[in-house]
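Coordinates in review
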Amino acid sequence: PMIILLLVATIIVSVACLRNRELFMRLALSPYQVVHHRQYYRLLSHMFVHGGSMHLVVNMIVLFSFGTDVIDSFEYLAEGEMMSFPTLHMLVLYFGGGVTAAVLGLRRHKDDPSALSVGASGGVASVVFTSIFFDPWGLIYVFGLVPIPGILFGVAYILYSWRMADRANDNIDHRAHLYGALFGLIYPLLINHKFFTFFLQGLQDFPWL
């Protein structure tokens, strides 16, 4: 239910912003406004805004698919008394990834009033990479068609985002993707450092041997 609430809230706000440019500008992440006018709410509000319908649809499909897996993993761990408050941790993972990505990207554009960033991609990347953490060899279907083991997809995704962060001119915030992904890898260890053994065990359980 929590994932559904996130989807509904994001869709409602995103659609409203696509129809109302003033609302879009008020909620988008503007490093200049955050740094110089202390509009810190933008660090969170930008996650509910998207630049277009395709941007919104892709993020919501990925959030639903991987978010369901992650909350299931968290609830399983909670049943084993290895963590508490799985729903709260899911929210911290998602919003923490988005906000962390936004904060780490502030400095680059803090003096550019025209620089804007929108979308839940940082948070979504965090959820995807926490899913990979707990199931490294689980298959991820790129474009819904091509199956790639999660750990291989994760390495390729991080390398690509890192490379494109300084080179791309495609209106995609590759740094947000990178920072969100790294947050998603680290967050399980912040919950319980012993979870690292789960990751190592998952790597050893190569499914095709």
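Structure: above.
To keep things clear, this report deals only with the structure shown in the data block. Values in this document were obtained by computation on a predicted structure and should not be read as measured data. (Residues numbered from 1 in each chain as written. Predicted model: local features only at pLDDT ≥ 70, side-chain atom pairs only at ≥ 80, totals over all residues. Heavy atoms only, no water.)

**A word on the overall build of the protein chain**
Secondary structure summary: the protein chain contains 11 helices and two strands in total. Ordered by position from the N terminus, the helices and strands of the protein chain form the series α-α-α-α-α-α-α-α-β-β-α-α-α. Taken over C-alpha atoms, the radius of gyration comes to 17 Å for the protein chain, in line with the 17 Å a tight globule of 209 residues would show. In terms of overall dimensions, the protein chain has a C-alpha envelope of 55 × 35 × 30 Å along the principal axes. (Helix = DSSP H or I, 4+ residues; strand = E, 2+ residues; numbered from the N terminus. Rg over C-alpha atoms; globule rule 2.2 N^0.38 Å.)

**Thoughts on the environment of Leu-116**
Position of Leu-116 relative to the elements: it lies in the loop between α7 (106-109) and α8 (121-134). Judged by its relative accessible area of 35%, Leu-116 is partly exposed. Taking the C-alpha atoms as reference points, Leu-116 and Phe-196, separated by 80 residues in sequence, lie 36 Å from one another. Residue contacts for Leu-116: discarding those within four places in its chain leaves Met-25, Ala-28, Leu-29 and Ser-30. (Buried < 20%, exposed > 50% of the residue type's maximum accessible area, 1.4 Å probe, protein only. Contact = heavy atoms within 4.5 Å.)

**A word on the side chain of Arg-175**
Considering the arrangement of structural elements, one finds Arg-175 in helix α10 (residues 174-191). The residues contacting Arg-175, other than those within four sequence positions of it, are Arg-108, Ala-165 and Asp-166.

**Things to note about the side chain of Ser-126**
Along the chain, Ser-126 turns up in helix α8. Overall, Ser-126 belongs to the buried group, its relative accessible area being 0%. Once residues within four sequence positions are removed from consideration, Ser-126 is found in contact with Leu-93, Gly-97, Gly-180, Ala-181, Phe-183 and Gly-184.

**Topic: the pairing of strand β1 (residues 139-142)**
Residues of β1 alternate between two faces, with Ile-140 and Val-142 buried on one and Leu-139 and Tyr-141 left unburied on the opposite face. Between β1 and strand β2 (residues 146-149), which pair antiparallel in sequence order, lie three residues; one of them, Phe-143, sits at a positive phi of approximately 60 degrees. (Pairing = 2+ DSSP bridges.)

**What about the packing of helix α6 (residues 86-104) against α10?**
The relative placement of two packed helices is expressed as an angle between their axes plus a distance between the axes. For the pair α6 and α10, interaxial distance at closest approach is 8 Å and the crossing angle is 140 degrees. Classified by the angle their axes make, α6 and α10 are oblique. In this structure, the crossing between α6 and α10 has a hand that is right-handed. From α6, His-89, Val-92, Leu-93, Gly-96, Gly-97, Thr-100, Ala-101 and Leu-104 reach across to α10, where they touch Ala-176, Tyr-179, Gly-180, Phe-183, Gly-184, Tyr-187 and Ile-191. In the contact of α6 with α10, the residues fall into nine nonpolar, six polar and no charged. (Axes fitted to C-alpha atoms, helices over the stretch in contact; angles between N-to-C directions. Parallel < 35°, antiparallel > 145°, perpendicular 65-115°, else oblique. Left-handed = near helix turned anticlockwise from the far one by under 90°. Nonpolar A, V, L, I, M, F, W, Y, C, P; charged D, E, K, R; others polar.)

**A word on unusual backbone geometry**
When glycine is set aside, most residues are seen to have a negative phi, and most peptide bonds are trans. One non-glycine residue with positive phi stands out, namely Arg-38, at about 55 degrees. By secondary structure assignment, the location of Arg-38 is in the loop between α3 (31-37) and α4 (42-45). Even without a glycine there, the phi angle at Glu-81 is positive, about 60 degrees. With respect to the secondary-structure elements, Glu-81 resides in the loop between α5 (53-79) and α6.

**Some thoughts on the pattern of salt bridges**
Side-chain pairs of opposite charge can arise whenever the charged atoms involved come near each other. Throughout the structure, instances matching the rule amount to two salt bridges. Between Arg-26 and Glu-22 there is a salt bridge; the shortest N-O distance is 2.9 Å. Of this pair, Arg-26 and Glu-22 both sit in helix α2 (residues 21-27), separated by four residues, roughly a single helical turn. We note a salt bridge from Lys-110 to Asp-111, for which the minimum N-O separation is 3.1 Å. Using a relative accessible area of 29% as the deciding quantity, one classes Lys-110 as partly exposed. (Salt bridge = Lys/Arg side-chain N within 4 Å of Asp/Glu carboxyl O.)

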